[in-house]
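Working through the structure, step by step
Below, each chain spelled out in residue letters.
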Amino acid sequence: MAARPVLGIICCSRTVGSETAQAVIDRYVRAAMTYADAAALLIPALPDLFAAADIAPRLDGLLLTGSPSNVAAQRY
């Protein structure tokens, strides 16, 4: 049995109470796992703690949710 492809889903930084949390809207995760038959891996929006090059080789695809906290608008 072949393993499902791994799809990285970029999280958003949100304030929950007085703390910052990493979050992804449930419908994005469910759609990826259901319709793409992919295993989802949530990637925190913390670029100061890791490099994209460390994660990219481990993923088969990437879902950019479009949140301002994870993709600067001038980049797309």
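Bear in mind that the values here come from a model prediction, so they are computed numbers and not experimental data. (Residues numbered from 1 in each chain as written. Predicted model: local features only at pLDDT ≥ 70, side-chain atom pairs only at ≥ 80, totals over all residues. Heavy atoms only, no water.)

Describing the overall build of the protein chain
So the rule is basically this: Each helix corresponds to a stretch of at least 4 residues labelled H or I by DSSP, and each strand to a stretch of at least 2 residues labelled E; elements are numbered beginning at the N terminus. Note on exposure labels: buried denotes an accessible area under 20% of the residue type's maximum, exposed denotes more than 50%, and partly exposed covers the range between, all computed with a 1.4 Å probe on protein chains only. Pairs of residues are marked as contacts when any of their non-hydrogen atoms sit within 4.5 Å.
The helix and strand tally for the protein chain stands at 2 helices and 5 strands. What you see in the protein chain, going N to C, is helices and strands ordered as β-β-β-α-β-α-β. For the protein chain, with 76 residues in total, the buried portion stands at 24%. In the protein chain, once contacts between residues fewer than 6 apart in sequence are set aside, the share between residues at least 24 apart is 64%.

A few points about unusual backbone geometry
Notably, Asp-37 is not glycine yet its phi reads approximately 50 degrees, a positive angle. Within the secondary structure, Asp-37 sits in the loop between helix H1 (26-35) and strand S4 (39-43).

Some thoughts on the sheet that holds strand S1 (residues 6-10)
Quick note on the threshold: Any two strands with at least two DSSP-identified bridges between them are counted as paired. Helix axes are fitted to C-alpha atoms over the stretch in contact, other axes to C-alpha atoms as well, and angles between N-to-C directions run from 0 to 180 degrees.
Sheet architecture is open: 3 strands sit in the order S4-S1-S5, paired in parallel fashion. In this open sheet, the two strands that pair with only one neighbour each are S4 and strand S5 (61-63). Taken pair by pair, the neighbouring strands of this sheet meet at an average axis angle of 30 degrees, ignoring direction. Packed on one face of the sheet, H1 meets S1, S4 and S5 and runs near 165 degrees to S1.

A look at the pattern of salt bridges
Counted only if it meets this: Just to be clear on terms, a salt bridge is a Lys or Arg side-chain nitrogen sitting within 4 Å of an Asp or Glu carboxyl oxygen.
The final tally for this structure, using the stated rule, is 2 salt bridges. For Asp-37, the salt bridge identified is with Arg-4, shortest N-O distance 3.5 Å. Here Arg-4 lies in the segment before S1 and Asp-37 lies in the loop between H1 and S4, a separation of 33 residues in the sequence. Residues Arg-30 and Asp-26 are paired through a salt bridge, measuring 2.6 Å at the closest nitrogen-oxygen approach.

Remarks on the packing of aromatic side chains
To keep things clear, this is the line we draw: What counts as a ring pair is set by centres within 6.5 Å for rings of Phe, Tyr and Trp (its six-membered ring), and what kind of pair is set by the plane angle: stacked under 30 degrees, edge-to-face over 60, tilted for all other angles. Only Lys NZ and Arg CZ are tested; either one counts as a charge over a ring when it is within 6 Å of the ring centre and within 35 degrees of the ring normal.
Enumeration over the complete set of coordinates arrives at 0 aromatic pairs. The lysine or arginine in question, Arg-27, covers the ring of Tyr-28, its NZ or CZ lying 5.2 Å from the ring centre.

What to know about the pairing of S1
Taking burial as the measure, the 5 residues of S1 include 4 buried ones, the bulk of the element. For S1 and S4, the ladder comprises 5 bridges, and the chain directions are parallel. Pairing of Val-6 across the sheet is with Ala-39, part of S4. Here S1 runs beside S5; their pairing, made up of 3 bridges, is parallel. Along S5, the bridge assignment pairs Ile-9 with Leu-63.

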